[in-house]
Amino acid sequence: SWVRDPWLDLAWCAYYAKDWETCFWAASKCLKITQRSYSYMADNRAWGFEPYDLCALSAYQLSMNYEALKYGMQAALLAPDDARIQANLEYYREAVDKLNGK
């Protein structure tokens, strides 16, 4: 695929279904597309914080805490005023700290 939008839509569908594996896979596929298409189909949401946020949320649910922190940090950079994303970042940090014995 050459546009991110369908992958983001699939990730959202999986998120609402609590299908964390599919959510992570689809959001990751979205992020692997690095060349932006400026067609009428392109949605800015696919190029903002949402794919990173969905990767982080699903990674956390899958106990992939390092990935959750990595993607959560990127989502937080892209949405610095979003209180939920900032709060989730703390959960991800705590989960990684527990893994590291802190």
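Residues numbered from 1 in each chain as written. Predicted model: local features only at pLDDT ≥ 70, side-chain atom pairs only at ≥ 80, totals over all residues. Heavy atoms only, no water.

Novice: How should the environment of Pro51 be read in this particular structure?
Specialist: Along the polypeptide, Pro51 turns up in helix H3 (residues 50-61). The buried category is assigned to Pro51, whose relative accessible area is 0%. For the pair formed by Pro51 and Ala11, sequence separation is 40 residues and the distance between their alpha carbons is 8.0 Å. (Helix = DSSP H or I, 4+ residues; strand = E, 2+ residues; numbered from the N terminus. Buried < 20%, exposed > 50% of the residue type's maximum accessible area, 1.4 Å probe, protein only.)

Novice: Which parts of the structure should I look at to understand the packing of aromatic side chains?
Specialist: Two aromatic rings, taken as a pair, are described by how far apart their centres are and by the angle between their planes. Across all of its chains, the model carries seven aromatic pairs by this definition. Ring plane angle 85° and centroid distance 5.4 Å describe the contact between Trp12 and Tyr15, whose orientation is recorded as edge-to-face. Here Trp12 and its partner Tyr15 are both found in helix H1 (residues 5-16), three residues apart, which amounts to about one turn of the helix. When the centroid spacing of 5.6 Å and the interplanar angle of 25° are considered together, the rings of Trp12 and Tyr16 count as stacked. Of this pair, Trp12 and Tyr16 are both found in helix H1, four residues apart, which corresponds to roughly one turn of the helix. An aromatic cluster is built from Trp12, Tyr15, Tyr16 and Trp20, whose rings are joined through pairwise contacts. The ring of Trp47 carries Arg4 above its face, with NZ or CZ at 3.7 Å from the centroid. (Phe/Tyr/Trp six-rings, centres within 6.5 Å; stacked < 30°, edge-to-face > 60°. Lys NZ or Arg CZ within 6 Å of the ring centre and 35° of its normal.)

Novice: I would appreciate a short explanation of the packing of H1 against H3 in the present structure.
Specialist: When two helices pack together, their arrangement is given by the angle between the helix axes and by the axis-to-axis distance. Closest axis-to-axis distance for the H1/H3 pair is 10 Å, and the angle between their directions is 35°. Seen along the crossing, H1 lies across H3 with a hand that is left-handed. Taken together, the residues of H3 that come into contact with H1 (itself represented by Leu8, Ala11, Trp12 and Tyr15) are Glu50, Pro51, Leu54 and Leu57. (Axes fitted to C-alpha atoms, helices over the stretch in contact; angles between N-to-C directions. Left-handed = near helix turned anticlockwise from the far one by under 90°. Contact = heavy atoms within 4.5 Å.)

Novice: Help me out: how do you make sense of unusual backbone geometry in this one?
Specialist: Most of the time, phi is negative for any residue but glycine, and the peptide bond is trans. In this model, Lys18 sits at a positive phi of 60°, which is unusual for a non-glycine residue. Tracing the backbone through its elements, the reader meets Lys18 in the loop between H1 and helix H2 (20-32). A relative accessible area of 61% places Lys18 in the exposed class. Despite not being glycine, Ser63 has its phi angle at roughly 60°, a positive value. Taking relative accessible area as the criterion, Ser63 reaches 58% and is therefore assigned exposed.

Novice: Just to check I follow, could you spell out the packing of H2 against H3 for this structure?
Specialist: For the pair H2 and H3, the least separation of the axes is 8 Å and the interaxial angle reads 150°. Considering their axes alone, H2 and H3 lie roughly antiparallel with respect to each other. Considering the relative orientation of H2 and H3, their crossing is left-handed. Counting all contacts with H2, which are made through Trp20, Cys23, Phe24, Ala27, Ser28, Cys30 and Leu31, the residues of H3 involved are Pro51, Tyr52, Leu54, Cys55, Ser58, Ala59 and Gln61. Residues of the contact of H2 with H3, tallied by class, amount to eleven nonpolar, three polar and no charged. (Parallel < 35°, antiparallel > 145°, perpendicular 65-115°, else oblique. Nonpolar A, V, L, I, M, F, W, Y, C, P; charged D, E, K, R; others polar.)

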